[in-house]
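Next come the chains, spelled out residue by residue.
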Amino acid sequence: MPSIDDELFPSTPGKFKIDRSNRQLNRCFASTSTMFLWALFLIALTASYLSFQSFVDSGSRYLTASWGGIQWEKQVRTSAQIHRSGGISVLVTGATGFVGSHVSLALRKRGDGVVGLDNFNNYYDPSLKRARRSLLSSRGIFVVEGDLNDGKLLAKLFDVVAFTHVMHLAAQAGVRYALENPQSYVHSNIAGLVNLLETCKSANPQPAIVWASSSSVYGLNEKVPFSESDRTDQPASLYAATKKAGEEITHTYNHIYGLAITGLRFFTVYGPWGRPDMAYFSFTRNILQGKPITIYRGKNRVDLARDFTYIDDIVRGCLGSLDSSGKSTGSGGKKRGSAPYRIFNLGNTSPVTVPILVDILEKHLKVKAKRNFVEMPGNGDVPFTHANISSARNEFGYKPTTDLETGLRKFVRWYLSYYGYNTKAKLVH
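In the nomenclature of an unreviewed UniProt entry, the chain is known as UDP-glucuronate 4-epimerase of Eruca vesicaria subsp. sativa. The UniProt entry for the chain carries the following comment under Sequence similarities (unreviewed entry): "Belongs to the NAD(P)-dependent epimerase/dehydratase family." According to UniProt, the comment filed for the chain under the heading Catalytic activity (unreviewed entry) is "UDP-alpha-D-glucuronate = UDP-alpha-D-galacturonate".

Listed below in structure tokens is the structure:
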């Protein structure tokens with residue numbers, strides 16, 4: 001049986017001469033060499049495994065990609081099909097958001113084609129967005145999971161479907177969150193908007209675009225009610241600044257490329273399936289849990305007031321804007337003529353103070369709130385909002401019909417049901 005020396009060294013005469021006097025050293029060297037070879041073998045084996053695992057993971061990611069492929073294209077086309085005479089085909093961004101899900105359902109209900117797009121970010125609990133997606137799916141609406149900044153995805157969507165309209169509702173929302181994560185506002189509200197506009201300008205045919213601006217653009221404006229012609233050059237928050245920038249950017253694309261664009265300044269939207277970061281939502285949660293609620297006050301202990309607008313009224317305004325949007329005039333990225341550029345307020349025109357909002361919640365919840373009044377910090381909030389809606393009323397017959405008492409009653413009924421205080425949640429209309 002060959003010795004270890006024979007295994008490690010060639011047996012050809014004259015090549016090596018082993019000094020038997022250093023046999024112990026040689027044994028040690030041989031043992032070390034063996035370990036070194038085994039180490040090399042294990043490293044190679046590990047590298048091979050990791051390489052194979054990387055290949056498997058890459059293949060898995062390809063096979064489970066959130067977009068692309070024959071089946072995916074079929075789902076997009078089916079969802080975009082129009083089921084009424086004179087209907088439209090709409091790409092709804094932010095489709096699993098609060099306003100986006102309601103608008104998508106309303107479009108589908110009247111027979112329009114709808115395809116959703118959402119990145120399901122975690123600004124608030126994504127499970128609520130996924131619950132909304134399940135609801136949309138049950139109505140035959142396909143939602144693509146992807147980001148506005150993915151230019152290839154947007155180009156693919158327009159390659160698969162010739163959308164007549166885009167309802168752009170995707171955005172980083174919230175005034176106070178900008179203090180924590182300012183980059184997210186630039187990423188979504190500016191870069192994402194520009195990427196969408198770039199795709200739309202190159203589409204053939206170009207779609208008409210309706211998008212969500214915000215009442216926050218009025219900033220420090222003290223003239224009431226707020227009108228579209230009022231100053232909007234004094235934003236009080238980064239969120240407001242990005243929405244104001246969006247209005248300037250969309251005007252540029254309208255002017256250069258002939259895109260028909262309508263901006264909607266929403267005023268404090270509330271209702272079933274709402275955003276958990278909104279005051280009425282968090283108040284409801286804390287009141288039911290017996291926790292105190294923080295109510296801000298302005299200078300000289302003046303109560304803050306908001307033009308609370310029920311979701312159904314906002315949806316009617318969105319659909320009216322889509323139906324009256326006019327047509328884009330460009331082709332292949334070149335303007336062929338002037339196209340409509342419009343901005344409208346969508347509000348309720350009846351501001352209500354926050355303490356009265358809490359009174360109404362107490363009535364419907366049948367629980368008293370533990371109120372903690374605090375002076376409003378300098379975090380971007382404004383003391384009041386009040387919409388002049390005459391332009392929207394004259395242009396497409398916008399007329400809010402839901403007062404705060406009625407709207408909060410519907411919200412509370414949904415909330416108790418969705419969070420297990422009652423029966424299974426259903427969309428309230």
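S.K.: Account for the packing of aromatic side chains, naming residues and giving values.
M.R.: If you walk through the whole model with that rule in mind, you get 30 aromatic pairs. Ring geometry for phenylalanine 226 versus phenylalanine 384: centroids 6.0 Å apart, planes at 40°, classification tilted. Separated by 158 residues along the polypeptide, phenylalanine 226 in the loop between strand S5 (208–212) and helix H8 (238–257) and phenylalanine 384 in the loop between strand S13 (370–375) and helix H12 (390–396) bring together distant segments of the chain. Judged by its relative accessible area of 2%, phenylalanine 226 falls in the buried class. Ring centres of phenylalanine 411 and tryptophan 414 lie 6.0 Å apart, and the angle between their planes is 35°; this geometry places the pair in the tilted category. Here phenylalanine 411 and its partner tryptophan 414 are both found in helix H13 (residues 404–418), 3 residues apart, which amounts to about one turn of the helix.

S.K.: So what's going on with empty space enclosed by the protein? Residues and values would help.
M.R.: Any space left empty among the atoms is revealed by the rolling of a water-sized probe across them. One pass over the full model with this rule turns up 1 cavity of 30 Å³ or more. Looking at the largest cavity, its volume works out to about 60 Å³. Forming the boundary of the largest cavity are His168, Ala170, Ala171, Ser188, Asn189, Leu193, Trp211, Ala212, Thr242 and Lys243. Elements represented by at least two residues in the lining of the largest cavity include exactly helix H7 (182–202), S5 and H8. Among the elements that make up the lining of the largest cavity, the one with the highest residue count is H7 (3 residues). When the residues that make up the lining of the largest cavity are grouped by side-chain class, the tally is 5 nonpolar, 4 polar and 1 charged.

S.K.: Residues and numbers for the nonpolar core, please.
M.R.: In summary, soluble globular proteins display a tendency toward joint burial of nonpolar side chains. Val99, Val103, Met167, Phe266 and Tyr280 are the most contacted members of the largest nonpolar core, which has 71 residues in total. Not counting the four nearest positions on each side in its chain, valine 103 is found in contact with Met167, Leu169, Val315, Cys318 and Leu319. Core analysis: the next-biggest nonpolar cluster, separate from the first, contains 30 residues, Val115, Val166, Leu193 and Trp211 among them.

S.K.: So what's going on with the sheet that holds strand S3 (residues 142–145)? Residues and values would help.
M.R.: Each strand in a sheet pairs with its neighbour through backbone hydrogen bonds, running either in the same direction (parallel) or in the opposite one (antiparallel). In spatial order, the strands read S3-S2-S1-S4-S5-S6-S11; together these 7 strands make up an open sheet with parallel pairing. Edge positions in the sheet fall to S3 and strand S11 (341–346), since each has one partner strand and no second. Across this sheet, the average inter-strand angle for adjacent strands is 20°, counted without regard to direction. Sheet analysis places strand S2 (residues 113–118) next to S3, joined by 4 bridges and oriented parallel. Bridge pairing links glycine 116 to valine 143 in S3. Strands in contact with helix H3 (residues 70–80) are strand S1 (89–93), S2 and S3; relative to S2, the strand with the most contacts, it is inclined by about 130°. Where helix H10 (residues 311–323) meets the sheet, it contacts strand S4 (165–168), S5, strand S6 (261–266) and S11, and its direction lies at approximately 165° from that of S6.

S.K.: Run through helix H5 (residues 126–138), naming residues and quoting values.
M.R.: Helix length check: H5 (13 residues) gives 18 Å between terminal C-alpha atoms against 18 Å at 1.5 Å per residue, within 8%. Within H5, burial applies to Leu128, Lys129, Arg132, Leu135 and Leu136. Here the buried residues of H5 occupy an arc of 115° about the axis, which is enough to place them on one side. In this fold, the buried residues of H5 make contact with helix H4 (98–109), S3 and H13. Just downstream of H5, glycine 140 is the residue with a positive phi angle, here 80°.

S.K.: Account for the pattern of salt bridges, with residues named and values stated.
M.R.: For side chains of opposite charge, pairing can occur when their charged atoms come near one another. Summed over the entire model, instances satisfying the criterion amount to 21 salt bridges. Salt-bridge contacts for arginine 275 lead to aspartate 277; the nearest nitrogen and oxygen are separated by 2.7 Å. In this structure aspartate 277 comes out as partly exposed when scored by relative accessible area, which is 32%. With a shortest N-O distance of 3.5 Å, lysine 368 and glutamate 362 are connected by a salt bridge. Where salt bridges share partners, they join Arg84, Arg110, Asp112 and Asp323 into one cluster.

S.K.: Report on the side chain of threonine 385, specifying residues and quantitative values.
M.R.: Tracing the backbone through its elements, the reader meets threonine 385 in the loop between S13 and H12. At 3.0 Å, the side chain of threonine 385 and the backbone nitrogen of aspartate 307 are in polar contact. Beyond its immediate sequence surroundings of up to four residues, threonine 385 is in contact with Ser215, Phe226, Phe267, Thr268, Ala305, Arg306, Asp307 and Pro351.

S.K.: Which residues make up the side chain of threonine 232, and what are the values?
M.R.: Tracing the sequence through the fold places threonine 232 in the loop between S5 and H8. Within the local environment of threonine 232, its side chain forms a polar contact with the side chain of lysine 244, the two groups lying 2.7 Å apart. Dropping the residues within four chain positions of it, threonine 232 is found in contact with Val217, Tyr218, Lys244 and Arg265.

S.K.: Please set out the pairing of S2 residue by residue, giving values where relevant.
M.R.: Counting buried positions along S2 yields 6 of 6 residues, so the element is predominantly enclosed. Side chains Gly113, Val115 and Leu117 of S2 all project onto a buried face; the interleaved residues Val114, Gly116 and Asp118 project onto the opposite face, where all are buried too. Assessed by its sense of winding, the connection that carries the chain from S1 through H4 to S2 is right-handed.

About the cut-offs
Residues numbered from 1 in each chain as written. Predicted model: local features only at pLDDT ≥ 70, side-chain atom pairs only at ≥ 80, totals over all residues. Heavy atoms only, no water. UniProt positions renumbered as here; feature names shortened; annotations may be inferred. Phe/Tyr/Trp six-rings, centres within 6.5 Å; stacked < 30°, edge-to-face > 60°. Helix = DSSP H or I, 4+ residues; strand = E, 2+ residues; numbered from the N terminus. Buried < 20%, exposed > 50% of the residue type's maximum accessible area, 1.4 Å probe, protein only. 1 Å grid on protein atoms, 1.4 Å probe; cavity = no way out; pocket = protein on both sides within 12 Å on 5 of 7 lines; lining within 4 Å. Points joined across faces, edges and corners; volume = space filled by probe spheres on them. Nonpolar A, V, L, I, M, F, W, Y, C, P; charged D, E, K, R; others polar. Core = buried A, V, L, I, M, F, W, Y, C linked by side-chain atoms within 4.5 Å. Contact = heavy atoms within 4.5 Å. Pairing = 2+ DSSP bridges. Axes fitted to C-alpha atoms, helices over the stretch in contact; angles between N-to-C directions. Expected span 1.5 Å × (residues − 1). Arc of directions from axis to C-beta. Salt bridge = Lys/Arg side-chain N within 4 Å of Asp/Glu carboxyl O. Polar contact = N/O pair within 3.5 Å; in protein donor to acceptor, adjacent residues only side chain to side chain. Right-handed = clockwise from strand over helix to strand, strands pointing away.

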